[in-house]
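The chain contents come next:
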Amino acid sequence: MASSENIQNVGPFDRGLRAALGIVMVASLALLPVVGHWVFGMLPMIGMVLLLSGMTGFCPLYLLANIDTGSGSAPGTGTGASTDADHGHGMAAR
């Protein structure tokens, strides 16, 4: 189970891009009456997910895929410093 600390795995550039795309996709809801296609009904829902992950800095799919665009380290690993033990090597670097 995850600790109670605030986990952020989405970096600042990624957050801005997600927020911008989310706003555009939510705004596409205005085109639904004109176009009337089901795709324009799905875009605002996907946009809300992008907007929410952009606002919070957390993406559940990134967590599952062990991706972290914010700190340069895997989620939950702390400083991002790696050792030989992290990579399965038996000897420490000299």
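Report on the accompanying structure. Source: prediction; values computed, not measured.

Turning our eyes to something else, we now look at the pattern of salt bridges. If you walk through the whole model with that rule in mind, you get 1 salt bridge. The partner of Asp14 in a salt bridge is Arg18, with the nearest N and O atoms 3.4 Å apart. One end of the pair is Asp14 and the other is Arg18, both in helix H1 (residues 12-27) and 4 residues apart, which spans about a single turn. Of the two residues examined, Asp14 and Arg18, each falls in the buried class.

Judged by side-chain polarity, Trp38, Val39, Met42, Met45 and Ile46 come together as a nonpolar surface patch covering roughly 510 Å² of accessible area. Tracing the chain through its elements places Val39 in helix H3 (residues 38-56). Overall, Val39 belongs to the partly exposed group, its relative accessible area being 32%.

Tracing the backbone shows Gly22 in helix H1. According to the relative accessible area criterion, Gly22 is buried, its value standing at 0%. For the pair Gly22 and Gly54, spaced 32 residues apart in sequence, the C-alpha to C-alpha distance is 8.3 Å. Once residues within four sequence positions are removed from consideration, Gly22 is found in contact with Gly47, Leu50 and Leu51.

On to the packing of aromatic side chains. Counting across every chain of the model gives 0 aromatic pairs. Here the basic side chain of Arg18 rests over the ring of Tyr62, its NZ or CZ set 4.8 Å away from the ring centre.

The rules we used
Residues numbered from 1 in each chain as written. Predicted model: local features only at pLDDT ≥ 70, side-chain atom pairs only at ≥ 80, totals over all residues. Heavy atoms only, no water. Salt bridge = Lys/Arg side-chain N within 4 Å of Asp/Glu carboxyl O. Helix = DSSP H or I, 4+ residues; strand = E, 2+ residues; numbered from the N terminus. Buried < 20%, exposed > 50% of the residue type's maximum accessible area, 1.4 Å probe, protein only. Patch = residues over 30% accessible without salt bridge, like charges linked within 9 Å, V, L, I, M, F, W, Y side chains within 5 Å. Areas by Shrake-Rupley, 256 points an atom, 1.4 Å probe, with all protein chains shown as cover. Contact = heavy atoms within 4.5 Å. Phe/Tyr/Trp six-rings, centres within 6.5 Å; stacked < 30°, edge-to-face > 60°. Lys NZ or Arg CZ within 6 Å of the ring centre and 35° of its normal.

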